[in-house]
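Coordinate inspection notes
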Amino acid sequence: MSLALSAPAFRRFRRHRLAAFGAATIVLLTLGCFLGPFLLPFDDTTIDVMNRFAPPLSGAHVLGTDELGRDMLARLMMGGRVSLIVGFTAMAIGMALGILVGAVAGFHGGWLGAALMRFVDAVLCFPTIFLLLALAALVSPGLLSIIILIAATSWMDVARIVEGQVKSLRERDFAVAAQVLGASDARIIVHELVPNAVAPIVVAATLNVARAILLESYVSFLGYGIQPPVPSWGNMLNNAQIYLTSAPWLAILPGLAITLAVTSFNFLGDGLRDALDPRMRAR
Amino acid sequence: MSGAPILDVRNLSVRFRTEGGDVPAVSDLSFTLDRGETLAVVGESGSGKSVTSLALMRLLPKDSAVTVTGQALLEGRDLLAIPEPEMRKLRGGAISMVFQEPMTSLNPTTPVGAQVAEAVQLHRDLDRRAAREEAARLLDLVGIPAARQRMDDYPHHLSGGMRQRVMIAMALSCDPGVLIADEPTTALDVTIQAQILDLLKRLQERTGMAVVFITHNLGVVAEIADRVLVMYGGRAVEQAPLRPLFSRPLMPYTAGLLRSVPRMELAGRRAGPLPAIPGNVPDPRHMPPGCVFHPRCAHHQPGRCDAAAPVLEAADEAREVRCLRWRELAA
Amino acid sequence: MSGFLARRLGQSLVLLVLVSMVGFAILHLAPGGPMSQFASGSDMTQEDLDRIAEQLGLNRPLPVQYAEWFWRMLQGDWGRSYRDGEAVLNVIGSHLGATLQLMLTATLLAIIIGVVIGTLGAIRRHSIFDTLATVGAMIALSIPTFWFGLVAIYVFSVWLDWLPSGNRFTPGDGSPLDLLRHLILPAMVLALVETAIWSRFMRSSMLDVVNQDYIRTARAKGVPEARILLRHAFRNAALPMITVLGLQLPTLLGGALVTETVFTWPGMGRLFLDSISYRDYPVVMGILMFSATLVLLGSLLADLLHAVADPRIRLG
């Protein structure tokens, strides 16, 4: 009987727990990556040829060393900084762009709205990684360029969400009332419509951090993202394939870090969707 | 005709356990249905009439958030107690059901003929071809023109009225003793409504089945019912043969329902709008104390109607009423 | 049919033009534009460069250049590879087979496993299985494909030594068994994300269907529960899945690129990366346009298939 009582409650609790796990992991990862290096006796760039390929838990290096004898934990933390910075900033820029395009398209409708949304459709036809690599090959690689490129390939979904939201909200009474009262278009967009679209935007933002971290790792792994010696979780895996037989931890640890971070953001996004927007509530 | 009723419902209660607390959807409902009889179950939405029909068919969700208690004896077998495989054989066989929404009640990706044939094959020992033949006969019986040609049509090819005929054909495929019709005409145009009611009456005369007809429309009740059960707040509040109930309702709620029906003979004389019953059906999580109808009742006496809950008592050999004041009001 | 078909074809044509515009814009976004490949790493003089620009028509107004470029693409003239002078479409064609083989195998795996998991999850909603499947799908969507590839190679090639770690076949062998052994790991890796997506779509489609009125009608007819799920619910839930085929193409192509890189699979994705590192822009542009067109046609085809398979979609 008590089992029956808790069926939906259990589900909420489980989702809640996953989201809490995600949020806690994100906080810990962020703190670890940004504060950890100060506490560590090793530097992420110090090469120690006498100590190459030290396995994890075998000595002073908790997570071992890489092919140049650099401390893996220090590199994971510094790589995490890069990955998290890319994740958040690319998300922010992409969201801003997507919200702008979506709000303009949704608010104006007509030929401008249609043209913008067809443009979104057209960009979505290009597989993201193809587009990203083609663009990355054209510019000189670096932190800023990779952030901008990821943002440039991640705004379309948000534009669609915002366009849909604004379009439906535009029909509702309060927007009409504001218009009658003589509010300017920009005012209506900023003060009336965007706040109402906040729930789906927050969810999309969280999921887009996950997506940006993942994309950064792909591009860096393939050699067109963050360039060594600056470590990122993606480019740490760059050479790992060669040493897969002799030093598998070089491949396993950064991949685990990416998976953990991306999973956390996905869990959090899913939980937020559950909490913020009853219409989107997953069953 | 034997004297025993074909369906005997005793003390049926249905409770839903929700996050906001327990919801008693149906409370201690008892009624009988004689062979060949049509019983109309009447009430506003939320009165528990549809839940009652789903409970009898055992179609309520099978999780433990739903509790059904009581008995429902179909020719002596308790529908609420028999094992599921046995119930499944009865469903669509001895007891079948027609739903309110003809637009969504048919499988959109299966031709209608196949849907009727499936019902036939499930309960009768017929091969595919014979079942198909039988389906064509049934579609013809329910008045679908050129039935044989329409067998391979998909539901979206048919109008709402035609779809409801298909639903009826499916329900009748195995000569049920009891047919539960849950608002079968509500979603239809008025002219189509009349056709479907005629069809049901004609089929009933032909097969001798008993019908539980669930509706909120008293015009339809007058058209089809032998006896009427009025439900309010999950309870039976009045039960009587059709004519006495219409001419002399005992429960103020029934009287209110009857007054809210437009009548042709009065239309010319009536000046104001139809008197609707004021207020709303009670929230089943917070049933009012005493008589559940008292907050909306024109005759309620403070200190009496909101204190003691009335029981369903026999008013004469054929009638029952649940009202503390029915004797005074009838006088 | 004609109305729906005409509208959908019209949409796709407009989209094709827009896609080509995006592609053209990317081509000209490169520092130095399409000329950059001649300017860098060669000992050409400015006069040489001007002459080439003149010959290629690069000094004319952009809209004219675009129109000519698009017209040539439509006629199948996608330029020539800088590496060996081969026509771009031929280069793509010779790598397409390997990619399609990988994508089809992975999709087939993903559909079978994903549909089963999604259906079971929906039927036993909130059971332990459903919870594990939902959480598992979310983790699967978070694992970088290339890393999963590395882990798979480590486990199945390095550690267990069951399967080859890359390439399409062993040189000098190439028997069906050899081909299959080489296909298993990359297909499995590419299928991971796809399986997660298919299971989630299938679960929610199935949940939509089991709450429909016609499922209740089937119960009221006395249809056994297993038959309700397999015949009535599954059929209706699986039909919209056809469109997922189209929706998934961009993800699938991107996954194939990464998988091909890890497993040195000689497909279009590897060709793309090789061409990028050689600055072989005609091939890069060609693959970019080809993949976008493939996505466009794929979703068109999926929609048409859905329309044919689903009697509800009016074909009039």
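See above for the structure.
So, a few notes on the structure that sits alongside this text. (Residues numbered from 1 in each chain as written. Chains lettered and ligands numbered in written order. Predicted model: local features only at pLDDT ≥ 70, side-chain atom pairs only at ≥ 80, totals over all residues. Heavy atoms only, no water.)

1. Brief notes about the nonpolar core
To keep it simple, the criterion reads: The term nonpolar core refers to a set of buried residues drawn from Ala, Val, Leu, Ile, Met, Phe, Trp, Tyr and Cys, joined through side-chain atoms within 4.5 Å. Exposure is judged per residue with a 1.4 Å probe applied to protein chains only, and the accessible area is read against the type maximum: over 50% gives exposed, under 20% gives buried, and values in between give partly exposed. The contact rule is simple, with two residues in contact once any of their heavy atoms fall within 4.5 Å.
By size, the foremost hydrophobic cluster in this structure holds 131 residues, and its most contacted members are Leu133 and Leu237 of chain A together with Trp69, Phe146, Leu257 and Phe272 of chain C. If we ignore the near neighbours within four places in the chain, the residues touching Phe146 of chain C are Ser217, Tyr218, Phe221, Leu237 and Ile258 of chain A together with Val258 and Val262 of chain C. Leu80, Val166, Ile168 and Leu197 of chain B belong to the second-largest nonpolar core, a separate cluster that totals 77 residues.

2. A short note on the interface of chain B and chain C
Applied cut-off: Buried area is a sum: the accessible area each of two parts loses on coming together, probed at 1.4 Å, counted once for each and added. Any carboxyl oxygen of Asp or Glu within 4 Å of a side-chain nitrogen of Lys or Arg constitutes a salt bridge here.
With 23 residues of chain B at the interface, the matching set in chain C holds 19 residues. Summing both partners gives a buried area of about 2100 Å² for chain B against chain C, and 56% of it is carried by carbon and sulfur. When the area that chain B buries against chain C is broken down by residue, the three leading residues are Thr109, Glu118 and His156 of chain B, summing to 29%. Our count for the chain B to chain C interface comes out at two salt bridges. The partner of Lys221 of chain C in a salt bridge is Glu118 of chain B, and the shortest N-O contact between them spans 3.0 Å.

3. Regarding the pattern of salt bridges
Which entries qualify depends on this criterion: Numbering of helices and strands starts at the N terminus; helices are DSSP runs of H or I of at least 4 residues and strands are runs of E of at least 2.
Overall, the coordinates contain 33 salt bridges over all chains when judged by the stated rule. For the salt bridge of Glu223 of chain B with Lys201 of chain B, the shortest nitrogen-to-oxygen distance reads 3.9 Å. Here the residue Glu223 of chain B occupies a position in helix H8 (residues 218–224), and Lys201 of chain B occupies one in helix H7 (residues 190–207), the gap between them amounting to 22 residues. By relative accessible area, Glu223 of chain B is classed as partly exposed at 41%. Two residues, Asp303 of chain C and Arg8 of chain C, come together in a salt bridge whose shortest N-O distance is 2.8 Å.

4. Looking at the packing of aromatic side chains
Describing an aromatic ring pair means giving the distance of the ring centres and the angle of the ring planes. As a reminder of what qualifies: Side-chain rings of Phe, Tyr and Trp, where Trp is taken by its six-membered ring, are said to pair if the distance between their centres is within 6.5 Å; with planes under 30 degrees apart they count as stacked, over 60 as edge-to-face, and otherwise as tilted.
Per the stated rule, a full pass over the model turns up 15 aromatic pairs over all chains. Measuring from ring centre to ring centre gives 4.9 Å for Phe130 of chain A and Phe272 of chain C, while their planes differ by 40°; the resulting arrangement is tilted. Residue Phe130 of chain A is located in helix H4 (residues 128–138), and its partner Phe272 of chain C is located in helix H13 (residues 268–277); the two belong to separate chains. Accessibility classification places Phe130 of chain A together with Phe272 of chain C in one group, the buried group. Each ring, one from Tyr66 of chain C and one from Phe70 of chain C, has its centre 5.8 Å from the other, and the planes form 5°; the classification is stacked. Note that Tyr66 of chain C and Phe70 of chain C are positioned in helix H4 (residues 62–74) at a spacing of four residues, about one turn of the helix. Pair check on accessibility: Tyr66 of chain C and Phe70 of chain C agree, each one buried.

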